[in-house]
Amino acid sequence: MATWTPGVKEILLAHGCRFERPGKGDHEIWFSPLTQGRFPVDSKILSRHTANAVVKLVWKRATEAGRAPSGITGHKTAFRNTPNPNPNI
């Protein structure tokens, strides 16, 4: 079954985040230089809403830390116009 995870990882990598280590279960721990913090990413994100929530979480923390880059737009709806990789859901 297809997931939203590759798209989330692509956005995170494009904005300087990096994979840090495996987490519990099927999660990975990622590091954001914008927030200087770590956060989990599920390896099987099946919902567009969850995918947007991960991107929004990193953006929100970066904004609170005063480190949000000015070039990022559409962070709240990163996957709005993306075809659903899970057409049966």
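Quick notes on the rules
Residues numbered from 1 in each chain as written. Predicted model: local features only at pLDDT ≥ 70, side-chain atom pairs only at ≥ 80, totals over all residues. Heavy atoms only, no water. Pairing = 2+ DSSP bridges. Helix = DSSP H or I, 4+ residues; strand = E, 2+ residues; numbered from the N terminus. Axes fitted to C-alpha atoms, helices over the stretch in contact; angles between N-to-C directions. Contact = heavy atoms within 4.5 Å. Expected span 1.5 Å × (residues − 1). Buried < 20%, exposed > 50% of the residue type's maximum accessible area, 1.4 Å probe, protein only. Arc of directions from axis to C-beta. Core = buried A, V, L, I, M, F, W, Y, C linked by side-chain atoms within 4.5 Å.

1. A few points about the sheet that holds strand β2 (residues 27–32)
So, step 1. Spatially, β1-β2-β3 is the arrangement adopted by the three strands of the open sheet, whose pairing is antiparallel. Strands at the two margins of the open sheet, each flanked by one partner only, are β1 (18–22) and β3 (37–42). Averaged over all pairs of adjacent strands, the angle between strand axes in this sheet comes to 35°, irrespective of strand direction.
So, step 2. Inspection of the sheet shows β2 paired to β3 by six bridges, in the antiparallel sense. What sits directly across from Ile 29, in β3, is Pro 40.
So, step 3. The strands touched by helix α2 (residues 48–64) within the sheet are β2 and β3, with β3 carrying the most contacts at an inclination of about 175°.

2. Points about the environment of Asn 52
So, step 1. By the secondary structure assignment, Asn 52 is in helix α2.
So, step 2. For the pair Asn 52 and Trp 4, spaced 48 residues apart in sequence, the C-alpha to C-alpha distance is 9.6 Å.

3. Here's the deal with α2
Every α-helical turn comprises 3.6 residues, leaving residues that sit three or four positions apart pointing alike.
So, step 1. For α2, built from 17 residues, the straight-helix expectation of 24 Å at 1.5 Å per residue is met to within 8% by its first-to-last C-alpha distance of 24 Å.
So, step 2. Burial in α2 covers these residues: Ala 51, Asn 52, Val 54, Val 55, Val 58, Trp 59 and Ala 62. The arc that holds every buried residue of α2, seen down its axis, measures 155°, which confines them to one face. Those residues of α2 that are exposed and angled more than 90 degrees off the buried face are His 49 and Glu 64.
So, step 3. Close packing links the buried residues of α2 with α1 (5–14), β2 and β3.

4. Quick word on the nonpolar core
So, step 1. Core analysis: the largest hydrophobic core is formed by 11 residues, namely Trp 4, Val 8, Leu 12, Cys 17, Trp 30, Phe 39, Val 41, Ile 45, Ala 51, Val 54 and Val 58.
So, step 2. Those elements giving two or more residues to this core turn out to be α1, β3 and α2.
So, step 3. Sequence-distant contacts of Val 54, defined by excluding residues within four places in its chain, comprise Val 8, Phe 39, Val 41 and Ile 45.

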